[in-house]
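Architecture at a glance
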Amino acid sequence: MQNAAQDVLARPRLTIDLAAAAANYALVKERAHGAEAGATIKADAYGLGAEPLARAFSAAGCTTFFVANAEEGARARAALGATPAIYVYNGILEGEAETFLAHDLRPILNDAWQVELWARARAQSAHARAALHVDTGINRLGMATALARDILESRDALNDTGVDLVISHLACADEPAAPHNARQRDAFAALADDLRARHDGLRFSLANSAGVWLGADYAFDLVRPGYALYGGHASPLSPALQTVVTLEAPILQLRELSKGDAVGYGASWRAEHDVLAATVALGYADGFLRAGGGRGYGVLNGVKCPILGRISMDLATLDISQARSAASPGALIEFLGANADLDKAGAAAGTIGYELLTGLGPRCARQYLTASS
Ligand SMILES: *Cc1c(COP(=O)(O)O)cnc(C)c1O
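First, a word on what this report is: a plain description of the structure on this page.

Conventions and cut-offs
Residues numbered from 1 in each chain as written. Predicted model: local features only at pLDDT ≥ 70, side-chain atom pairs only at ≥ 80, totals over all residues. Heavy atoms only, no water. Near = heavy atom within 4 Å. Polar contact = N/O pair within 3.5 Å; in protein donor to acceptor, adjacent residues only side chain to side chain. Areas by Shrake-Rupley, 256 points an atom, 1.4 Å probe, with all protein chains shown as cover. Nonpolar A, V, L, I, M, F, W, Y, C, P; charged D, E, K, R; others polar. Buried < 20%, exposed > 50% of the residue type's maximum accessible area, 1.4 Å probe, protein only. Helix = DSSP H or I, 4+ residues; strand = E, 2+ residues; numbered from the N terminus. Pairing = 2+ DSSP bridges. Axes fitted to C-alpha atoms, helices over the stretch in contact; angles between N-to-C directions. Parallel < 35°, antiparallel > 145°, perpendicular 65-115°, else oblique. Contact = heavy atoms within 4.5 Å. Core = buried A, V, L, I, M, F, W, Y, C linked by side-chain atoms within 4.5 Å.

A few words now on the site of the ligand. Taken together, 13 residues surround the ligand, and among them Lys42, Tyr46, Ser209, Tyr227 and Tyr354 come closest. A distance of 3.4 Å separates a nitrogen atom of the ligand from a polar side-chain atom of His169. Against a free-state accessible area of 390 Å², the protein chains account for coverage of 93% of the ligand. Here the shell around the ligand is composed, by residue class, of five nonpolar, five polar and three charged.

If you want it as structure tokens, here you go:
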């Protein structure tokens, strides 16, 4: 993905392919078993830039967005304009109602006191909407199904609260064989059957990215993927998705190492034979986790080049002996992208691709590709 027209800077380069993200959205939509496909753009669209990604999904037909908190919601509203629905996963705390109402955000209410708070706050804004979060077995956010039933039965709840959606969240969607999945789905389906009979127009949502791939009985009315849209394969059932994120870093210095030479802090790696080493402008301050030292790799000229020793704040050193012909200062080594899988890079750092994406630092020079670029 090296672009000759662009100067190579002595810093990492992050390329975000908006056309690929839009294509992933289209694929999810096609595989959503007839459910509406929303888009989760929390945490700055997983570190990639909430505004450009939100606009790309909107242009691809998305009309329902999910963020984590009201501040993210306000940014999304500014990027998206007045029309799309924006739901806020974290719900609402005392003092936030004005922000929700001012930006037409929909809190996902997770307990009875939030329902009360919201009912009071929206008394003057009959159009303001919200969702209920029901816990079916993750024990993170959400109310018991019995409480959700009570709330929606004991009062003219839809009028008082503007609730138009009920969600729940899967704990094990990335493990298709886990029995927990069917238990959560069955509990949610029983609740949905009851409530649908009573409340016209109430909709239901269970599936994140990995949940979409579990099958039609997980889709309900609305799916809310995040990771898949950004090219992440969260489950063995995931279809092939397009690569959205490419992370590259330029070689700053080349060095011939001889047997016995040590590399980096702690001299933790020693050459067992002659090696051509390249030091690149990428370190843990850029989100390239130190835990990936000695296990991760970069790709130069199609060749996998192991990381030698520890990753430091601004630098990492790689063995590029097998890619000698491409070795020159300024040449870009790929750390995430079509040749360096996001999920494998996460595993090499002892974590998941989600954490790598959300940790990508502000020092990475960002460029966005659109269909025409
Ligand atoms: C983050 C989140 C999602 C999206 O999850 P992905 O695995 O990225 O698709 C969906 N629902 C809830 C409640 C979330 O917190």
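With respect to burial, strand β8 (residues 163–167) is a largely interior element, five of its five residues being buried. Pairing of strand β7 (residues 130–133) with β8 involves four bridges; the strand directions are parallel. Along β8, the bridge assignment pairs Ala131 with Leu165. Examined bridge by bridge, β8 and strand β9 (residues 203–205) share three bridges and lie parallel to one another. Within the sheet, the bridge partner assigned to Ile167 lies in β9 and is Ser205.

Where helix α7 (residues 145–154) meets helix α9 (residues 179–198), the closest approach of the two axes is 11 Å, and the angle between their N-to-C directions is 5°. With respect to α9, the element α7 is oriented roughly parallel. Of α9, the residues touching α7 (which contributes Thr145, Arg149, Leu152 and Glu153) are Ala190, Leu191, Asp194, Leu195 and Arg198. The residue inventory of the contact of α7 with α9, partitioned by class, reads four nonpolar, one polar and four charged.

The next thing to look at is the nonpolar core. Among the nonpolar cores identified, the biggest contains 100 residues, and Phe57 and Ile320 are the most heavily contacted of them. Element by element, the count of residues in this core is highest for helix α1 (residues 18–30), at six residues. For Phe57, the contacting residues outside a window of four places in its chain are Ala21, Ala22, Tyr25, Ala39, Ile41, Cys62, Phe65, Leu229 and Tyr230. Formed by nine residues, the second largest nonpolar core is a distinct cluster that contains Ala85, Tyr87, Ile108 and Ala131.

By secondary structure assignment, the location of Thr15 is in strand β1 (residues 13–17). For Thr15, a relative accessible area of 1% translates into the label buried. Engagement of the side chain of Thr15 in a polar contact is seen with the side chain of Gln367, the distance being 3.1 Å.

What follows covers the environment of Phe220. With respect to the element layout, Phe220 can be found in the loop between α10 (209–212) and β10 (222–223). Classification of Phe220 as buried rests on a relative accessible area of 18%. Each C-alpha atom of the pair Phe220 and Ile167 lies 9.9 Å from the other, and the pair is 53 residues apart in sequence. Setting aside chain neighbours within four positions, we find Phe220 in contact with Ala35, Arg185, Phe188, Ala189, Ala192, Arg196, Phe204, Ser205 and Leu206.

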